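Residue strings, one per chain:
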Amino acid sequence: EISCSLVGSEMCIRDRFILQNVLHMKFRELTAYFMISHQSRQEQWNSNNIRSIYITRKRSIMRHTFTLANGVEIPAVGFGTYKAADNTDEAIISEAIRQGYRHLDTAAFYFNEEAVGKAVRESGIPREDFFLTSKVWKDHLGYDSTLQEFESTCKRLGTDYLDLYLIHWPRPSDLNAEWRDLDVETWKALEDLYKSKKVRAIGVSNFLPHHLNNLLERTSITPMVNQLEFHPGYMPVSYTHLTLPTT
């Protein structure tokens, strides 16, 4: 699964090229897998040529990055941890790290931040080599709630900073609540976390244009990321022209 974020006013030519190649290589890997799927498992993994090509391509993909509007480099490919673990079992996340993933995407709502933190610590790899993303859940929108949730997230992850912190959803569970004001209050909390250097980059998730415009018109820092579900099985037309200004 590949998670794509729209950053800055639009993707630069280099980033578009990288993304195209990432997708191309992923589909070619899938094609190669299906071509050899009729072989036995032992024959498949005994093929040194296929395994060598796969490892080389995977390592190449892992090194690609996008540059956010504030200059922070974000890995082009990350490991989404939703349903990958609970707080008592970090085995899958540890395996993802062994396979080369350094961008780990989690959230308070995933209930696995402790497992992610444990996997990172037990990997023996320095914290600064990882790119950790988490999100404040929609039931905790608001200035004070967001600051409290951020501290809880850092405690569960065992870190004193995040590389990226997002508003998970633009609207709370209570559909009668005034989401516009709540989003602004939440975003101002993220701005303060960013200014105090507790977060390297801030952004949103699942925001559509009218959600973004509410923030752009009433706050000072433009979201650096809008994380969206976007893949061959889910390609909303409204996403294709969704971009953020650079200032």
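Thresholds, definitions, all that
Residues numbered from 1 in each chain as written. Predicted model: local features only at pLDDT ≥ 70, side-chain atom pairs only at ≥ 80, totals over all residues. Heavy atoms only, no water. Helix = DSSP H or I, 4+ residues; strand = E, 2+ residues; numbered from the N terminus. Buried < 20%, exposed > 50% of the residue type's maximum accessible area, 1.4 Å probe, protein only. Salt bridge = Lys/Arg side-chain N within 4 Å of Asp/Glu carboxyl O. Axes fitted to C-alpha atoms, helices over the stretch in contact; angles between N-to-C directions. Parallel < 35°, antiparallel > 145°, perpendicular 65-115°, else oblique. Left-handed = near helix turned anticlockwise from the far one by under 90°. Contact = heavy atoms within 4.5 Å. Nonpolar A, V, L, I, M, F, W, Y, C, P; charged D, E, K, R; others polar. Phe/Tyr/Trp six-rings, centres within 6.5 Å; stacked < 30°, edge-to-face > 60°. Lys NZ or Arg CZ within 6 Å of the ring centre and 35° of its normal. Core = buried A, V, L, I, M, F, W, Y, C linked by side-chain atoms within 4.5 Å. Lys, Arg positive; Asp, Glu negative; His and termini not counted.

Colleague: Which residues make up unusual backbone geometry, and what values go with them?
Modeller: With the exception of glycine, the majority of residues adopt a negative phi angle, and the majority of peptide bonds are in the trans configuration. At Lys 83, a position not held by glycine, the phi torsion is positive, near 65°. Here Lys 83 shows up in the loop between strand S4 (79-80) and helix H4 (91-98). The exposed category is assigned to Lys 83, whose relative accessible area is 69%. Of note, the phi angle at Asn 206 is positive, near 65°, even though the residue is not glycine. Take Asn 206: it is sitting in the loop between strand S8 (202-205) and helix H8 (209-218).

Colleague: Quick rundown of the pattern of salt bridges? Include the residues and the values.
Modeller: Counted under the stated rule, the structure contains nine salt bridges. The partner of Lys 118 in a salt bridge is Glu 90, with the nearest N and O atoms 3.8 Å apart. Here Lys 118 is found in helix H5 (residues 113-122), whereas its partner Glu 90 is found in the loop between S4 and H4, with 28 residues between them in sequence. Classification of Lys 118 by relative accessible area gives partly exposed; the value is 33%. On the accessibility criterion, Glu 90 (14% relative accessible area) is buried. For Asp 163, the salt bridge identified is with Arg 200, shortest N-O distance 2.9 Å.

Colleague: Just give me the short version of the packing of H4 against H5, but keep the residues and values in it.
Modeller: Running from amino to carboxyl end, H4 crosses H5 at an angle of 40°, the nearest separation of the two axes being 9 Å. Relative to H5, H4 is oriented oblique. Here H4 runs over H5; the crossing is right-handed. Of H5, the residues touching H4 (which contributes Ile 93, Ser 94 and Ile 97) are Ala 115, Val 116, Ala 119 and Val 120. Here the residues of the contact of H4 with H5 are counted per class, giving six nonpolar, one polar and no charged.

Colleague: Give me the packing of aromatic side chains: which residues, what numbers.
Modeller: Counted under the stated rule, the structure contains five aromatic pairs. The structure contains a cluster of three or more aromatic residues connected by ring pairs, namely Phe 109, Phe 111 and Trp 137. For the cation-ring pair, Arg 127 lies above Tyr 161, with the distance from its terminal atom to the ring centre recorded as 4.0 Å. Taking NZ or CZ as reference, Lys 138 lies 5.9 Å from the ring centre of Trp 169, over its face.

Colleague: Explain the environment of Glu 185 to me, and be specific about the residues and the numbers.
Modeller: Mapped onto the elements, Glu 185 comes out in helix H7 (residues 179-195). Overall, Glu 185 belongs to the partly exposed group, its relative accessible area being 37%. In this structure Glu 185 touches Gly 142 and Tyr 143, once residues within four positions along its chain are discounted.

Colleague: Can you lay out the nonpolar core for me, pointing to particular residues and giving the numbers?
Modeller: The biggest cluster of nonpolar side chains holds 47 residues, and the ones touching the most others in it are Ile 93, Leu 104, Tyr 165, Ile 167 and Trp 187. What Leu 104 contacts, discounting residues up to four positions off in sequence, is Phe 79, Ile 93, Ile 97, Val 116, Val 120, Phe 130, Phe 131, Leu 132 and Thr 133.

Colleague: So what's going on with the packing of H7 against H8? Residues and values would help.
Modeller: Between two packed helices, what matters for the description is the angle formed by their axes and the separation of those axes. For the pair H7 and H8, interaxial distance at closest approach is 10 Å and the crossing angle is 60°. The pairing of H7 with H8 is recorded here as oblique in orientation. Of the two elements, H7 crosses H8, and the hand of that crossing is right-handed. Across from Trp 179, Arg 180, Asp 181, Asp 183, Val 184, Trp 187 and Lys 188 in H7, the residues of H8 making contact are His 210, His 211, Asn 214, Leu 215 and Arg 218. Along the lines of polarity and charge, the residues of the contact of H7 with H8 split into four nonpolar, three polar and five charged.

Colleague: Describe the side chain of Glu 149, with residues and values.
Modeller: Mapping Glu 149 onto the fold places it in helix H6 (residues 143-157). Put simply, Glu 149 is tucked away with no salt bridge, and the nearest opposite charge, on Arg 156, sits 4.5 Å away. Not counting the four nearest positions on each side in its chain, Glu 149 is found in contact with Ala 108, Val 136, His 140, Arg 156 and Tyr 165.

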